[in-house]
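# Examination of the molecular architecture
Okay, here's what each chain looks like letter by letter:
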Amino acid sequence: EAGVAQSPRYKIIEKRQSVAFWCNPISGHATLYWYQQILGQGPKLLIQFQNNGVVDDSQLPKDRFSAERLKGVDSTLKIQPAKLEDSAVYLCASSLRVTQLLAKTAQFFGPGTRLTVL
Amino acid sequence: DQQVKQNSPSLSVQEGRISILNCDYTNSMFDYFLWYKKYPAEGPTFLISISSIKDKNEDGRFTVFLNKSAKHLSLHIVPSQPGDSAVYFCAASAASGTYKYIFGTGTRLKVLA
């Protein structure tokens, strides 16, 4: 079974530039997550999709970050304009649909995109 | 407010001995807990989980213990192997809402040969 795919793996940009990350989740996984992991910290959830709807985006800096999941499969995360503090690894994860009636399942992570903002 | 805490940033253990990684949480609504292992330049890999209706879950060399009254969980690795050297994250989610996972800051385990 193919895992979660992400691209690019590395990106270096200057502050105020824009950048986009792509994620393809595991086939059949309805829930998709984007996390930001700053060096020395644990992953922090930015946005969670259930199919193509947003479930939680409470920690997404909406003035500069945006994400979409068209057709409930692939997803893109965009930063515009980037700031120095956005330097981090951006992780995409997916899981089977999580509802109150279904047992919770673990999330499966992609390899991440390491973003450096100069 | 850090709801999930891993107070030991690093741990060194001799090969063959037991590794014990600890995690504390503050939110009594958390009912599902997971441990992830992360190698450099890779995403976290799911290791083991436990529901709040249990106090122990075992999978091969890995056992997770949950003490709800103390809001504490631990991961035991027996016997430890050099390939276990990685950063370990615990994560927790609540029984309601969006079921999002809150991660700790991680513990770097080094298993010495």
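Residues numbered from 1 in each chain as written. Chains lettered and ligands numbered in written order. Predicted model: local features only at pLDDT ≥ 70, side-chain atom pairs only at ≥ 80, totals over all residues. Heavy atoms only, no water.

Here we take up the state of the cysteines. Scanning the model with the defined rule gives two disulfides over all chains in all. With a sulfur-sulfur separation of 1.9 Å, Cys23 of chain A is cross-linked through a disulfide to Cys92 of chain A. The sign of the -70° torsion about the S-S bond sets the Cys23 of chain A-Cys92 of chain A disulfide as left-handed. Of the two residues, Cys23 of chain A is situated in strand S3 (residues 19–24) and Cys92 of chain A in strand S9 (residues 88–95); the sequence distance between them amounts to 69 residues. Assigned by exposure class, Cys23 of chain A and Cys92 of chain A land together as buried. Each sulfur of the disulfide joining Cys23 of chain B and Cys90 of chain B lies 1.9 Å from the other. Residues Cys23 of chain B and Cys90 of chain B are joined through a disulfide that is right-handed, its torsion about the S-S bond being 65°. Taken as a pair, Cys23 of chain B in strand S3 (residues 19–25) and Cys90 of chain B in strand S9 (residues 86–94) lie far apart in primary sequence, 67 residues in all. (Disulfide = S-S within 2.5 Å. Helix = DSSP H or I, 4+ residues; strand = E, 2+ residues; numbered from the N terminus. Buried < 20%, exposed > 50% of the residue type's maximum accessible area, 1.4 Å probe, protein only.)

The next subject is the interface of chain A and chain B. In many analyses, interface size is given as the accessible surface area lost on bringing the parts together. Contact with chain A, which involves 26 residues of that partner, is made by 21 residues of chain B. The junction of chain A with chain B conceals about 1800 Å² of combined surface from both sides, 56% of it contributed by carbon and sulfur atoms. Linking Lys100 of chain B and Asp56 of chain A is a salt bridge whose minimum nitrogen-to-oxygen distance equals 3.4 Å. Those elements that place two or more of their residues in the side of chain A that touches chain B are strand S4 (31–37), strand S5 (44–50) and strand S6 (53–56) of chain A. Sorting elements by how many residues they give to the side of chain A that touches chain B places S4 of chain A first, with three residues. Of the residues that constitute the side of chain A that touches chain B, the class distribution is 11 nonpolar, 12 polar and three charged. (Contact = heavy atoms within 4.5 Å. Buried area = accessible area lost by both parts, 1.4 Å probe. Salt bridge = Lys/Arg side-chain N within 4 Å of Asp/Glu carboxyl O. Nonpolar A, V, L, I, M, F, W, Y, C, P; charged D, E, K, R; others polar.)

All names here are of chain A. Judged by pairing direction, the sheet is antiparallel, and its four strands sit side by side in the order S1-S3-S8-S7 without closing on themselves. Two strands close off the open sheet at either side, each with one partner strand: strand S1 (5–7) and strand S7 (65–68). Across this sheet, the average inter-strand angle for adjacent strands is 15°, counted without regard to direction. (Pairing = 2+ DSSP bridges. Axes fitted to C-alpha atoms, helices over the stretch in contact; angles between N-to-C directions.)

Taken as a whole, this structure holds 11 aromatic pairs over all chains when the rule is applied. Ring centres of Phe109 of chain A and Tyr36 of chain B lie 5.3 Å apart, and the angle between their planes is 90°; on these two criteria the pair is classed as edge-to-face. With Phe109 of chain A in strand S10 (residues 108–109) and Tyr36 of chain B in strand S4 (residues 30–38), this pair bridges two chains. Summarising the burial analysis for this pair, Phe109 of chain A and Tyr36 of chain B share the class buried. Aromatic pair Tyr25 of chain B and Phe33 of chain B: ring centres 4.7 Å apart, planes at 40°, arrangement tilted. For the pair shown, Tyr25 of chain B and Phe33 of chain B are each scored as buried. Each residue in the set Tyr33, Tyr35 and Phe109 of chain A together with Tyr36, Phe46 and Phe103 of chain B is aromatic and connected to the rest through ring pairs, giving one cluster. (Phe/Tyr/Trp six-rings, centres within 6.5 Å; stacked < 30°, edge-to-face > 60°.)

Here the focus is the nonpolar core. All names here are of chain B. Ranked by internal contacts, the top residues of the largest apolar core, which has 24 residues, are Phe33, Trp35, Leu73, Leu75 and Tyr88. Elements represented by at least two residues in this core include exactly S3, S4, strand S5 (45–51), strand S7 (62–67), strand S8 (72–77), S9 and strand S11 (107–112). Ranked by residues supplied to this core, first place goes to S9 with five residues. Excluding its chain neighbours within four sequence positions, the residues that come into contact with Tyr88 are Gln6, Leu21, Trp35, Tyr36, Lys37, Leu47, Leu75, Ile77, Gly106, Thr107 and Leu109. (Core = buried A, V, L, I, M, F, W, Y, C linked by side-chain atoms within 4.5 Å.)

Chain-level pLDDT for chain B is 93 on average; 95% of the residues reach the 70-or-more range. The element-level mean pLDDT for chain B is lowest in strand S10 (residues 101–103) of chain B, coming to 91, with S8 of chain B highest at 98. (pLDDT = per-residue confidence, 0-100.)

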